[in-house]
Amino acid sequence: MWGGRFAEGPSAIMREINASIPFDKALWRQDIAASKAHVAMLGAQGIVSPEDAAAISAGLDRVAAEYEAKGVPENWDLEDIHMTTESRLAELIGPAAGRLHTARSRNDQVATDFKLWVREACVAADAALGALQVALVTRADEHAESIMPGFTHLQTAQPVTLGHHLMAYHEMFGRDRSRFADAHTRMAQCPLGSAALAGTGFPIDREMTAKALGFATPTRNSLDAVSDRDFALDYLMAATQCALHLSRLAEELIVWASQPFGFVVLPDALSTGSSIMPQKKNPDAAELVRGHCGRVVGALTSLVVTMKGLPLAYSKDMQDDKPPVFEAAGLLSLCIAAMTGMVEGATFRTERMRQAAELGYATATDLADWLVRQADVPFREAHHITGAAVKLAESRGVALDQLTLAELQAIDPRIDERVFTALSVDASVASRASYGGTAPEQVRLRVAEAKQALGMEE
Ligand code: ARG
């Protein structure tokens, strides 16, 4: 493609280090679409003849059909998907193929192809996360009243509902969706026509190609357009945050599935056994979701480090933009699917969860709050009195509401029998009805809103 200036061909090492076809062949659909939009514009502008434009366009369709049927051939001599397609086009239609590359460069071509690919990845992530949210909301609806211990420092803190806990993840994945949508809106400008770096002298119509490819407008600065990979970074940042949320949920399911917790039984289809310990059922899918988060973070780090310090405009370093994005996108879609399956198929052991909430003195705050409200005790003092009650209950191996009134009154005479209504986990959860709180009525309101937003049947 550029042999004119060279006396010698590239060495084997040069060919190997230069070749991006092993990975950028994933861009073939976008490359064909962008070339078809470009040649239609070249024809409309009279830059190539109508006959040549038609022949090139039909030829590109034939190349696409071949790729679809047999895959993209990997020939390192042809470097990348752009040259591979152009070279096959030339074999199919002859010299007219050489007119396709008029008024463009691989620099604006690859920026356009890749941006189209990343746009689609944003849409795919949004859709997959929507399905995960539906699964979470469905299970939260079932468990709006199921009581479990809520933790801080992974120590039992206050009782919460399982529905509330699951809806916390619905919020996180909602923010992830908005980040992908936001990234997508910043990918609305088409680089095609920026050419190598400076624009072109041919009378091209950039509005036309931008529209044809589904962009809102052309990019405004050719130097920026060919050297910008913010869109890929935006995607990776959104993917990283999403992978992080998936990993936190995975971690909780792993802990909950352990025998000492016993809060959940994960679906067999997403677990594995042990080759030597027959009793084991390992949460491998969840562990891999947790592990894959590290690889997504690695992908982001990789592209950040590639881009830092690159002068304008294109440098070949930027060819390394694609593997991390492709890897992250593949991992993310797999992890979202695995997590959706786990949420859908998990069996929550609600009796165990309730017992754990009852045993962990999770209603200690309720006793303190009761002293403040009913006996006008300052909260700090109430906290101290409650601590004494917990200490006593602990030494006797009973729950707070199993202490006798006499025992409680020995700690503080202002306590009376009404206190018992506040000490059950059900009363505790029901009382936390502030907006966004854990009370079943609040959870049901949030679930109803979410169902409507997600287009679920009521
Ligand atoms: N394969 C290249 C990439 O992915 C295409 C752009 C090549 N441009 C160039 N001036 N060598 O970045």
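Look up a bit, the structure's there.
Residues numbered from 1 in each chain as written. Predicted model: local features only at pLDDT ≥ 70, side-chain atom pairs only at ≥ 80, totals over all residues. Heavy atoms only, no water.

**A short note on the site of the ligand**
The condition is simple: A single heavy atom is enough: if one lies within 4 Å of a molecule or strand, its residue is considered near that molecule or strand. Any N or O atom pair separated by 3.5 Å or less is treated as a polar contact, with the protein-specific requirement of one donor-capable and one acceptor-capable atom, and with residues adjacent in sequence counted only for side-chain atom pairs. Computed with the Shrake-Rupley method and a 1.4 Å probe, the accessible areas treat only the protein chains shown as cover for residues. Helix numbering and strand numbering both begin at the N terminus, where a helix is a DSSP run of H or I of at least 4 residues and a strand a DSSP run of E of at least 2.
Residues in close proximity to the ligand include S20, D24, D80, H82, R106, N107, V110, Y314, K316, Q319 and K322, which together make up its full environment. A distance of 2.9 Å separates a nitrogen atom of the ligand from a polar atom in the side chain of D80. Protein contacts shield 85% of the accessible area of the ligand, which totals 340 Å² for the unbound molecule. At three residues, helix α6 (residues 106-142) tops the list of elements feeding residues into the shell around the ligand.

**What to know about the packing of helix α7 (residues 162-185) against helix α19 (residues 440-454)**
To be explicit about the condition: Inter-axis angles, ranging from 0 to 180 degrees, are taken between N-to-C directions of lines fitted to C-alpha atoms, where helices are fitted over the stretch in contact. Two helices that cross are described as forming a left-handed crossing if the nearer one is turned anticlockwise from the farther one by less than a right angle, and a right-handed crossing if clockwise. Here, residues are in contact when the closest pair of their heavy atoms is within 4.5 Å. When residues are sorted by character, Ala, Val, Leu, Ile, Met, Phe, Trp, Tyr, Cys and Pro go into the nonpolar class, Asp, Glu, Lys and Arg into the charged class, and all the rest, Gly among them, into the polar class.
At their nearest, the axes of α7 and α19 sit 11 Å apart, and the two run at 35° to each other. The hand of the α7/α19 crossing is left-handed. Across from G163, H164, M167, H170 and R177 in α7, the residues of α19 making contact are V443, R446, V447, A450 and L454. Looking at the contact of α7 with α19 residue by residue, the class counts come to five nonpolar, three polar and two charged.

**Considering the packing of aromatic side chains**
Put simply, the rule reads: Two aromatic rings from Phe, Tyr or Trp, using only the six-membered ring of Trp, form a pair when their centres are within 6.5 Å; if the ring planes differ by under 30 degrees the pair is stacked, by over 60 it is edge-to-face, and anything between is tilted. For every residue, the accessible area obtained with a 1.4 Å probe (protein chains only) is divided by the maximum for its type, and the residue is called buried under 20%, exposed over 50%, and partly exposed between those limits. Remark: a charge is flagged as sitting over a ring if the NZ atom of Lys or the CZ atom of Arg is within 6 Å of the ring centre and within 35 degrees of the ring normal.
What the rule picks out here adds up to nine aromatic pairs. Taking the centre distance of 5.5 Å and the plane angle of 75° together, the rings of W28 and Y67 count as edge-to-face. Of this pair, W28 sits in helix α3 (residues 28-44) while Y67 sits in helix α4 (residues 50-70), and the two are 39 residues apart along the sequence. Judged on exposure class, the residue W28 and its partner Y67 are both buried. The residue whose ring lies beneath R119 is F215, and the NZ or CZ to ring-centre distance is 4.6 Å. One Lys or Arg, K322, reaches over the ring of F114 and ends 5.6 Å from the middle of that ring.

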